[in-house]
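An overview of the molecular structure
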Amino acid sequence: MRGAPRDALLVEGIPNGQRGRVFGMHRAADTAGAVVGPLVRLVLYEALDHRLRPLFWIAVIPAVASVALVAAVRDPRSRRTADGTPTKAVRTPWRSLPRPYWRVLGVLLAFNLVNFPDALLLLHAHDLGLSTAGVVGAYAVYNLAYAALSYPAGALSDRLPRPLVFAAGLVFFAIGYLGLGLIHAPWAVFVVLPLYGGFAACTDGVGKAWISCLVPDHQQGTAQGLYQGATGVAVLLAGVWAGLAWSADGHLPLLISGSIALALAGALPAVTRSQTETL
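None of the values given here were measured: they were computed from a predicted structure. (Residues numbered from 1 in each chain as written. Predicted model: local features only at pLDDT ≥ 70, side-chain atom pairs only at ≥ 80, totals over all residues. Heavy atoms only, no water.)

**Focus: the overall build of the chain**
On a plain count of helices and strands, the chain comes out with ten helices and zero strands. Traced from its N-terminal end to its C-terminal end, the chain shows the element sequence α-α-α-α-α-α-α-α-α-α. In terms of overall dimensions, the chain is globule-like: its C-alpha atoms have a radius of gyration of 20 Å, near the 19 Å expected for 279 residues. Counting only C-alpha atoms, the chain reaches 65 × 45 × 35 Å along its principal axes. Looking at the chain residue by residue over its 279 residues, the buried ones come to 41%. Restricting to contacts in the chain with at least 6 residues of sequence separation, those with at least 24 account for 80%. Here the chain contributes 21 positive and 14 negative side-chain charges, whose respective centroids are spaced 9 Å apart. (Helix = DSSP H or I, 4+ residues; strand = E, 2+ residues; numbered from the N terminus. Rg over C-alpha atoms; globule rule 2.2 N^0.38 Å. Buried < 20%, exposed > 50% of the residue type's maximum accessible area, 1.4 Å probe, protein only. Contact = heavy atoms within 4.5 Å. Lys, Arg positive; Asp, Glu negative; His and termini not counted. Charge placed at Lys NZ, Arg CZ, Asp CG, Glu CD.)

**A short note on the side chain of S157**
Examined against the element boundaries, S157 turns out to sit in helix α6 (residues 132-159). A polar contact of 2.7 Å, which involves the side chain of S157, links it to the backbone oxygen of G154. Setting aside residues no more than four positions away along its own chain, S157 makes contact with G20, R162, V165 and V206. (Polar contact = N/O pair within 3.5 Å; in protein donor to acceptor, adjacent residues only side chain to side chain.)

**Observations regarding the environment of A4**
Along the chain, A4 falls in helix α1 (residues 3-10). The class for A4 is buried, based on a relative accessible area of 13%. On a C-alpha basis, the gap between A4 and P54 in space is 32 Å, while along the polypeptide they are 50 residues apart. Contact partners of A4, with chain neighbours within four places excluded, come to G221, Q224, G225 and Q228.

**What about the packing of helix α4 (residues 99-112) against helix α8 (residues 189-212)?**
In the contact formed by α4 and α8, the axes pass within 11 Å of each other and the chain directions differ by 160°. Judged on the interaxial angle alone, α8 and α4 are roughly antiparallel. In terms of crossing hand, the pair formed by α4 and α8 is left-handed. Within the contact between the two elements, α4 uses Y101, V104, L108 and F111 and α8 uses F199, W210 and I211. Of the residues that constitute the contact of α4 with α8, the class distribution is seven nonpolar, no polar and no charged. (Axes fitted to C-alpha atoms, helices over the stretch in contact; angles between N-to-C directions. Parallel < 35°, antiparallel > 145°, perpendicular 65-115°, else oblique. Left-handed = near helix turned anticlockwise from the far one by under 90°. Nonpolar A, V, L, I, M, F, W, Y, C, P; charged D, E, K, R; others polar.)

**Considerations on the layout of surface pockets**
What the largest pocket holds in volume is close to 910 Å³. Taken together, 30 residues form the lining of the largest pocket, with R27, N115, Y146, D204 and K208 sitting closest to its centre. Only α1, α2 (19-47), α4, α6, α8 and α9 (220-244) provide two or more residues apiece to the lining of the largest pocket. Counting residues per element, the lining of the largest pocket draws most heavily on α8, at six residues. Looking at side-chain class alone, the lining of the largest pocket contains 14 nonpolar, nine polar and seven charged residues. (1 Å grid on protein atoms, 1.4 Å probe; cavity = no way out; pocket = protein on both sides within 12 Å on 5 of 7 lines; lining within 4 Å. Points joined across faces, edges and corners; volume = space filled by probe spheres on them.)

Structure follows, in C-alpha cells:
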C-alpha cells in the first residue's frame, strides 16, 4: 500500500531524463537505514542478552515516528477546482496501460521468477559457517554497497538506455548467486554480497524509473502498483521453488538462478530495444 503511491509522488513533475536520479536517491536514502538498522539491532541484541521481545518493542518507536512524518507530505495535485469544488477522482483502468508497458513488465516478471528472497541467501551464508553476528554484518555490507551505488546507477540510467543499466544489474545478480553457490569459505561471503549489492542498485530504482517513463502521469500509481504487485508474486513463486529445491546447502537453486539471470542479461537489451521512452 505504501510503495506505489510513494513512487507516483516521487515522479510528479519530474522529466523522464531525471527519474533515474530521483529513484536512485530514494533507494540510497532508504537503504542507508537498512545499513544502520541491522547494526543497531545487533548492538541491542547483545546488550539485551539475546532477548528478542524487547527489540520488537524498540522497533515500534521509529515505526510510529515514520507514520507521523507522513503528515508533512503533500500531494501536489489540486483537489479542488477554481471555484472551490472538490475534484472527482479519475479511475485508471489497468487495461488502458500502453502496450510497451506490458512488454517490459513481461520481461521483468520473467526475471523475478528466479529472484528468490534474500533471506535464503542469508540462510546459505549461515550454512557456510557464519555466526548470527556474521550474517547480520554481511547483510549490512550488502546494504552499504546497495546504498552507495544506487544514486550513481540511477544517474547513469538517465544517460544510457535503462535496459542496458538493468542488464548490468542482472550481471551483478549472476555474480552474487553463482558466487554464493560456488564458494565454501565463510569470509568469501563478505566479497560476494557487496557485488550482489550492485544488482539491487542497478535494478530496483532503475526498474521503477523505466516503468514510469512508459506511461503518462495520470497512470503512474496504477502502473507502479501493478508492476510491484506482479513482481512480488513472482518473487514469492521463486521463493517456493527455490525452497523446495534447497536440499542440504542450497547451491542448486543458486546456480540455476544465477545462470538464467546471466542469459537474460545478454538478451535484455535486444528484447527491449523497441521499447523507447516517448511519453
